[in-house]
Amino acid sequence: MIEIQHLDFAYNGNKVLENISMQMNDGCIYGLLGENGVGKTTLLTLLCGLKKPKEGAIFVEGKDPFKRTPEQLANQYYLPDEVSPMAMKASAFANEYGRFWTGFDMDKFNEIMALLESDAEQRMDRMSNGQLKKVYIAFALACNAKYYYLDEPTNGLDIPSKALFRKALSRYTREDSVVVISTHQVRDLENMIDPIIIMDKRDVLLNATIAEIADKLYFDYSGEPVPDALYSENAPGMAVQVRANDEHVESKVNIEALFNTVHHHKELIKGMFNK
Amino acid sequence: MNQIFNPARFAAYLLTELKRAAGRLGGFWTLFGVAVLLPVLRVFMYNRVYYNHPSYEALTIQAGLQLFLVLIILSIIGIAIPLRCYGMTTERGQGSGFFMLPVSSFEKTLSMILITLVIAPALLSGVYLLTDSILVATFAKGTGQLSIAYIFQNLYMTVNNSSKNTVSILKVNVFPTVIASYMCTALTFLISAVIFREKKFTFGILLHLIGVSSVISLLNQLLNPDYVPTLINRIHHEDWVSNTFFVCPPDMVGTFVSLSLKDVAAAPIISLIMCVALFIIVRNKKL
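About the criteria used
- Residues numbered from 1 in each chain as written.
- Chains lettered and ligands numbered in written order.
- Predicted model: local features only at pLDDT ≥ 70, side-chain atom pairs only at ≥ 80, totals over all residues.
- Heavy atoms only, no water.
- Helix = DSSP H or I, 4+ residues; strand = E, 2+ residues; numbered from the N terminus.
- Contact = heavy atoms within 4.5 Å.
- Areas by Shrake-Rupley, 256 points an atom, 1.4 Å probe, with all protein chains shown as cover.
- Domains from an automatic or database assignment.
- Buried area = accessible area lost by both parts, 1.4 Å probe.
- Salt bridge = Lys/Arg side-chain N within 4 Å of Asp/Glu carboxyl O.
- Pairing = 2+ DSSP bridges.
- Axes fitted to C-alpha atoms, helices over the stretch in contact; angles between N-to-C directions.
- Buried < 20%, exposed > 50% of the residue type's maximum accessible area, 1.4 Å probe, protein only.
- 1 Å grid on protein atoms, 1.4 Å probe; cavity = no way out; pocket = protein on both sides within 12 Å on 5 of 7 lines; lining within 4 Å.
- Points joined across faces, edges and corners; volume = space filled by probe spheres on them.
- Nonpolar A, V, L, I, M, F, W, Y, C, P; charged D, E, K, R; others polar.
- Polar contact = N/O pair within 3.5 Å; in protein donor to acceptor, adjacent residues only side chain to side chain.

**With respect to the overall build of chain B**
(1) Moving on: For chain B, the count of helices and strands is 11 helices and four strands.
(2) Moving on: Excluding contacts between residues fewer than 6 apart, the proportion of contacts in chain B whose partners are at least 24 apart in sequence is 75%.
(3) Moving on: As presented, chain B carries roughly 14,000 Å² of accessible surface, and 69% of it is formed by carbon and sulfur atoms.

Below you can see the structure in the form of structure tokens.
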């Protein structure tokens, strides 16, 4: 479990995160959404221990991640947005570096590489960005870690690979894993992420499960005008309107529409979900 | 699991880092192998131009040049190894890979220090000495006088004491001086590689010239109240005018003066402090 208490973070006096408190529970894939520059990557790097909070505290299983002890690091994997090639074959990289993660499984690595249709015998410095990303995804999942912090993991992946990534993520993470995915590509991960965290400048606007969202907001796909809609979108082939779900009618959550709704009605949504 | 130091984990990590460093150093192996040939080429060219014959005999006078070359190359590797092998620690991609690897900060720092200060220069020097030995075996006909190893053990400098009108022979403590100087340079650039995001070389030079050198100088004054701490200072203090380096023949007689341990103690002390500082930086590095 991850616990964030009154977290503050600033770059040269410019506050990025202010008084953020939340809890992330075991066995969930958290989707971290937000506009550019709201601090998604900063939050991920704080969670994995690459940064230190200015104020407040983060506890991962009761311990400060910034201590970066081998035990803590072996229980987590941080996948940055930009990945760098190593001057070796993917299999050699996995063999060389995997041994530092106590749960690393080379067979699993090869299995995931095969699933992602990647060649483990190819040199990493001759791979495209997408191919490289797949190697790191396979490596990360083969580490059998409990905590995963993935920054834009689908960036650079082609359309079939995005589907394979979803498959790999759901098949190869532990039951108790906490996966935090920061992404702009909400459609890539629509059916995977739950709960959803939507960030705004310095603040968290929403932190709720899909069930909680569906309970409080109704997503109307009929195309019929909804007079009290909080948000409506009528693009060709995509008509969705969002309104308060006072009748508690079930509907499928559309994350993109949810994101826009939250951004149009920040205080209303915060109030609605903080009740 | 020991969270600070585990010998098995450290050995595995050191090996992994060594392989990575070897890959990053690539061209330096060749550079070192070839560098030893430069004084020879110079002599060949000199003899060809002025005496019109390719004599190998003049090679024996190249001690100073050989030493100068070694110092230059050591300075290059003292700068290049830290920047090439650890410059990536400030990048988001590779830097996070480095800091997120399940190895303790102490082990990471120790491995950095061992690779930069001991293993890489030793391996690179090995390449240099191998080429040097081949050259000696080919041209110096087993006398060993050309060898850089021989020069390091037998390097002296004649100094003229102008006020007393005498000539002394000063034994130059090449090994400790060179090693201490290399350690200071390499550690300064290691710190620069880990701290600065950009312009690591420029900041490294500034840190070395303004910071480290000044502190060493100050410490020298503290350790040596009579202020004759270094070779150059001693020469000035004694009102000596130095001549060139030369390799002392075994039967040479004269007044031999050696530098004491205290004379060269400042650089190792500063190096030790820089090692501790590096650990603190790695331990608290934010990316």
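Alright, that's what it looks like, and here's the rest.
**With respect to the domain arrangement of chain A**
A common way to express how large an interface is: the accessible area buried when the components associate.
Residues and elements named next belong to chain A.
(1) Moving on: What the domain assignment reports for chain A is domain 1 (2-203) and domain 2 (209-273).
(2) Moving on: On a C-alpha basis, the centroid separation for the pair domain 1 and domain 2 is 29 Å.
(3) Moving on: At the interface, 15 residues of domain 1 touch 14 residues of domain 2.
(4) Moving on: Surface buried jointly by domain 1 and domain 2 totals about 1,200 Å² across both partners, of which 62% is contributed by carbon and sulfur atoms.
(5) Moving on: A per-residue breakdown of the area domain 1 buries against domain 2 is headed by Glu190, Ile196 and Ile198, which together make up 38% of the total.
(6) Moving on: Linking domain 1 to domain 2 there are three salt bridges.

**Quick word on the sheet that holds strand β4 (residues 55-60) of chain A**
Residues and elements named next belong to chain A.
(1) Moving on: Pairing in this open sheet of three strands is antiparallel, and the strands run β2-β1-β4 from one edge to the other. Pairing within the sheet leaves two strands with one partner each, and these edge strands are β2 (14-24) and β4. Across the sheet, the mean angle separating the axes of adjacent strands is 25° when strand polarity is ignored.
(2) Moving on: Of the pairings in the sheet, the one linking strand β1 (residues 2-11) to β2 comprises seven bridges and is antiparallel in character. From the neighbouring strand, Leu7 faces β2, where its bridge partner is Ile20.

**Here we look at the pattern of salt bridges**
All names here are of chain A.
(1) Moving on: With the rule as written, the count across this model stands at 19 salt bridges over all chains.
(2) Moving on: When the shortest N-O distance is used, the salt bridge between Arg202 and Glu18 registers 3.7 Å. On the criterion of sequence distance, the pair formed by Arg202 in the loop between β8 (196-200) and β9 (203-208) and Glu18 in strand β2 is long-range, its members being 184 residues apart.
(3) Moving on: Exposure remark for Arg202: the relative accessible area of 36% places this residue in the partly exposed category.
(4) Moving on: A salt bridge links Lys266 to Asp200, with the nearest nitrogen and oxygen atoms 3.1 Å apart. Of this pair, Lys266 sits in helix α9 (residues 266-274) while Asp200 sits in strand β8, and the two are 66 residues apart along the sequence.
(5) Moving on: Through salt bridges that share partners, Asp8, Lys15, Glu18 and Arg202 make up one connected network.

**Topic: the environment of B:Ser105**
Residue and element names in this part refer to chain B.
(1) Moving on: With respect to the element layout, Ser105 can be found in helix α6 (residues 105-139).
(2) Moving on: Residues Ser105 and Asn284, 179 residues apart in the sequence, show an inter-C-alpha distance of 9.0 Å.
(3) Moving on: Sequence-distant contacts of Ser105, that is, excluding residues within four places in its chain, are made with Phe279, Val282 and Arg283.

**Here we look at empty space enclosed by the protein**
(1) Moving on: Taken as a whole and assessed by the stated rule, the structure comprises two cavities of 30 Å³ or more.
(2) Moving on: Taken as a whole, the largest cavity holds about 360 Å³ of empty space.
(3) Moving on: The wall of the largest cavity is formed by 23 residues, among which A:Phe93, A:Tyr136, B:Gln94, B:Gly97 and B:Phe98 lie closest to the centre.
(4) Moving on: When residues of the lining of the largest cavity are traced back to their parent elements, those giving at least two are β5 (76-79), α3 (90-98) and α5 (129-142) of chain A together with α1 (7-25) and α5 (92-99) of chain B.
(5) Moving on: Top contributing element to the lining of the largest cavity by residue count: α5(B), with five residues.
(6) Moving on: Its residues assigned to classes, the lining of the largest cavity shows 15 nonpolar, five polar and three charged.

**Some details on helix α1 (residues 40-48) of chain A**
An α-helical segment advances 3.6 residues per turn. Residues three or four places apart therefore align on the same side.
(1) Moving on: Across the nine residues that make up α1(A), a large majority, eight, are buried.
(2) Moving on: By the burial criterion, the buried members of α1(A) are A:Lys40, A:Thr42, A:Leu43, A:Leu44, A:Thr45, A:Leu46, A:Leu47 and A:Cys48.

**Quick look at the interface of chain B and chain A**
(1) Moving on: Contact residues are listed per partner, giving 26 residues for chain B and 26 residues for chain A.
(2) Moving on: Across the interface of chain B and chain A, roughly 2,400 Å² is buried in total on both sides, 63% from carbon and sulfur atoms.
(3) Moving on: For the chain B face of the interface with chain A, the top three residues by lost area are B:Arg92, B:Met100 and B:Pro102, together amounting to 27%.
(4) Moving on: On inspection of chain B and its partner chain A, the count reaches one salt bridge.
(5) Moving on: A salt bridge links B:Lys19 to A:Glu96; the shortest N-O distance between them is 2.9 Å.
(6) Moving on: The tally of links from chain B across to chain A stands at 12 residue pairs in polar contact (both at pLDDT 80 or more).
(7) Moving on: The class makeup of the residues in the side of chain B that touches chain A is 10 nonpolar, eight polar and eight charged.

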